[in-house]
Amino acid sequence: GGTSRPREEDCMKRWICGALCGALALGTLGIAGCAKEEARSRYSMTLEYVPETRTLGGEMTAEIVNTTDTARETLGFQLWANAYREGAKYAPVSELFAPAAYYGGESYGGIEVTEVTGAAGFRVAGADENILEVTLAEPLYPDESVSLTMTFTVTLAAVDHRLGVGENAVTLTGFYPVLCACGGTQEHVYADLGDPFVSECADYEVVFTLPDSYRVAHTGTGERTVSDGKATYHVRAEGVRDFAMVCSERFQVLEGSADGVPVTYYYLDDAAPARTLAAAEQSLAYYSAQFTKYAYPAYAVVETDFPYGGMEYPMLSMIANDLREEEIPLVVAHETAQQWWYAMVGSDQFCEAWQDEGLAEFSAALFLGAHPEYGTTYEACVAGSERSYRAFFSVWTQIADGETTSMRRALTDFAGEYEYSNVVYDKGLILFDRLYGTLGEGKTLAALREYARDYAGKIAPPEALIACFSSRGNYAEGIFGSFLEGTCVI
């Protein structure tokens, strides 16, 4: 999954300043074959948000299934919320976007886990206090499960971002301890660009209470009840990779549907909300027809405080409230595509960001080409990415020393937003356009349907995607290789 591209002028300024400084490198462990993924873990949460203290208190029971082939004596859980604490090594917001995101000046948050029952012990570990390491009372053998109950409090920073109290909304994503990928073994640090989140599908049951002045957009389906000035949401979501909520006292709501799936738009200041809802409905229906049927019972788009274009979560897409009117359909189409390429078919977003982002850009271009009422064409989308990438490459060749245009890199290996945006988004779209031009529409869509069908609910290695194309054309593997290795000329 991933944020829609930062604006080009901002990215270029940051990249030129940061390109010669290098980036923090992180080892890239392979994710293919690390989990069987037939059985799903389950998270049951009881949460309450207190606006006065900017805190989210919670108790969570995690029923974890060992999907690996080896017995586990410890399990790792990502503590994404700790990236927002003071002194974090891997801050969630880059220096470029921090002044806008931290609208009231510096602000910090974090998560404190006070108790884990059902375990022999626990400690906060990892490269940046980003891992809750739980020592099990006894070994957890393959296909067995263990129940762990965790009590925690999240303090929210005052920030327009993925997790925090924004100027208009409270965004709650990555707020709970979530099992590390590969059955609790693969750790990731935060990154201030892209999406470092890699997690396996699980079932969620959430009871969330907050003042009744708030409306909540969320992953899953459920009901809202009101009592004594508080609203309680009872929500369920099955087979989702993550769970997210956005809360606001200012939300207005528009409801629609796509192929019988309810589509809801929660908005703040959108001057043309019906047009945005239509883009969500039409793109959901388009991808269902082109790729495979949408797997979930509902879909929500929410306009919120966010310094980038947008962000996807299962059954829920966020779009920034400062988008220009002409940008909104592209962002909605991109984030909706990520319901297929991230939510339904997972990938290692940390080490292979091109895999979901490139496909989402390509999917959005196809959708906009089929819907000229949004003011652009497929060809214009590709041409725009080609212009952007060539301008980037011209700058890169003058100031970079020994760098690469390889697409297979950890997020922490990119010098900044400008490089990341061009190599992952623009070059990603160009890659799939070249495959499209070589194989033709029929074979390209057949490859994507096979990929969506065979890897739904799983974390697909890049080789799986490549194989779906290569089986339909002798040249496909070479095209992938030249782009991913950075040897192609665009």
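A brief report on the enclosed structure follows. This one's a predicted model, so the numbers in the text were calculated from it and none came from an experiment.

Among the structural elements, Thr-171 can be located in strand S9 (residues 170-173). Classification of Thr-171 as buried rests on a relative accessible area of 1%.

Quick look at helix H7 (residues 378-399) now. When the terminal C-alpha atoms of H7 are compared, their 32 Å separation across 22 residues agrees well with the 32 Å that a helix rising 1.5 Å per residue should span. Taken residue by residue, H7 has Tyr-378, Cys-381, Val-382, Ser-385, Glu-386, Ser-388, Tyr-389, Phe-392, Val-395 and Trp-396 as its buried positions.

Strand order across the open sheet formed by 4 strands is S5-S6-S3-S10, with antiparallel pairing between neighbours. Of all the strands in the sheet, the pair left with one neighbour each is strand S5 (119-125) and strand S10 (178-179). Two strands pair when backbone bridges link them, and S5 and strand S6 (residues 131-140) are joined in this way by 6 bridges, in the antiparallel orientation. Across the sheet, Ala-119 pairs through a bridge with Leu-136, a residue of S6.

Glancing now at the packing of aromatic side chains. Per the stated rule, a full pass over the model turns up 40 aromatic pairs. For the ring pair Tyr-294 and Tyr-299, a centre distance of 6.2 Å and an interplane angle of 65 degrees mean the geometry is edge-to-face. Neither Tyr-294 nor Tyr-299 differs from the other in exposure class; each is buried. Cluster of aromatic residues (ring-pair linked, three or more members): Tyr-286, Tyr-287, Phe-291, Tyr-294, Tyr-296, Tyr-299, Trp-340, Trp-341, Phe-367, Tyr-374, Tyr-451 and Tyr-455.

Once that is clear, we can look at the sheet that holds strand S12 (residues 215-218). Taking strand neighbours across the sheet as the criterion, the 4 strands line up as S8-S9-S15-S12 in an open arrangement whose pairing is antiparallel. Looking along the sheet, the strands with just one partner apiece sit at the ends: strand S8 (164-165) and S12. Looking at chain direction, S9 and strand S15 (residues 244-248) are connected through 4 bridges and run antiparallel. Looking across to S15, one finds that Leu-172 is bridged to Met-245.

We now examine the state of the cysteines. Throughout this description, disulfide means a covalent bond between two cysteine sulfur atoms. In the structure shown here, the tally under the stated rule is 0 disulfides. Not engaged in a disulfide, the cysteine Cys-468 finds its nearest cysteine sulfur in Cys-201; these two sulfurs lie 17 Å apart. Its relative accessible area of 2% is what places Cys-468 among the buried residues.

Moving on, we come to the environment of Glu-112. For Glu-112, the location among the structural elements is in strand S4 (residues 110-117). Remark: the alpha-carbon pair of Glu-112 and Val-154, spanning 42 residues in sequence, is separated by 6.5 Å. Those residues in contact with Glu-112 that sit more than four places away from it in its chain are Thr-151, Phe-152 and Thr-153.

This part covers the packing of H7 against helix H8 (residues 417-439). Closest axis-to-axis distance for the H7/H8 pair is 9 Å, and the angle between their directions is 135 degrees. Between H7 and H8, the crossing angle belongs to the class labelled oblique. Note that H7 runs across H8; the crossing there is left-handed. Facing Tyr-378, Cys-381, Val-382, Ser-385, Glu-386, Ser-388, Tyr-389, Ala-391 and Phe-392 of H7, the residues of H8 in contact are Tyr-418, Glu-419, Asn-422, Val-423, Asp-426, Lys-427, Leu-429, Ile-430, Asp-433, Arg-434 and Tyr-436.

Right, let's talk about the nonpolar core for a bit. Ranked by internal contacts, the top residues of the largest apolar core, which has 166 residues, are Phe-175, Tyr-204 and Phe-208. It is H8 that provides the largest number of residues to this core, a total of 11 residues. Setting aside its immediate chain neighbours within four residues, Tyr-204 contacts Tyr-43, Met-45, Tyr-176, Val-178, Val-235, Arg-236, Ala-237, Val-240, Asp-242 and Phe-243.

All told, the structure shown has 18 salt bridges when counted by the stated rule. With a shortest N-O distance of 3.6 Å, Arg-408 and Glu-463 are connected by a salt bridge. Of the two residues, Arg-408 is situated in the loop between H7 and H8 and Glu-463 in helix H10 (residues 462-470); the sequence distance between them amounts to 55 residues. Its relative accessible area of 36% is what places Arg-408 among the partly exposed residues. A salt bridge links Glu-450 to Arg-472, with the shortest nitrogen-to-oxygen separation between them at 2.6 Å. Remark: Arg-472 occurs in the loop between H10 and helix H11 (476-485) and Glu-450 occurs in helix H9 (residues 441-454); sequence separation between them is 22 residues. The exposure class assigned to Arg-472 is partly exposed, which follows from its relative accessible area of 23%. Salt bridges linked by common partners bring Arg-42, Glu-205 and Arg-236 together as one network.

Calculation notes
Residues numbered from 1 in each chain as written. Predicted model: local features only at pLDDT ≥ 70, side-chain atom pairs only at ≥ 80, totals over all residues. Heavy atoms only, no water. Helix = DSSP H or I, 4+ residues; strand = E, 2+ residues; numbered from the N terminus. Buried < 20%, exposed > 50% of the residue type's maximum accessible area, 1.4 Å probe, protein only. Expected span 1.5 Å × (residues − 1). Pairing = 2+ DSSP bridges. Phe/Tyr/Trp six-rings, centres within 6.5 Å; stacked < 30°, edge-to-face > 60°. Disulfide = S-S within 2.5 Å. Contact = heavy atoms within 4.5 Å. Axes fitted to C-alpha atoms, helices over the stretch in contact; angles between N-to-C directions. Parallel < 35°, antiparallel > 145°, perpendicular 65-115°, else oblique. Left-handed = near helix turned anticlockwise from the far one by under 90°. Core = buried A, V, L, I, M, F, W, Y, C linked by side-chain atoms within 4.5 Å. Salt bridge = Lys/Arg side-chain N within 4 Å of Asp/Glu carboxyl O.

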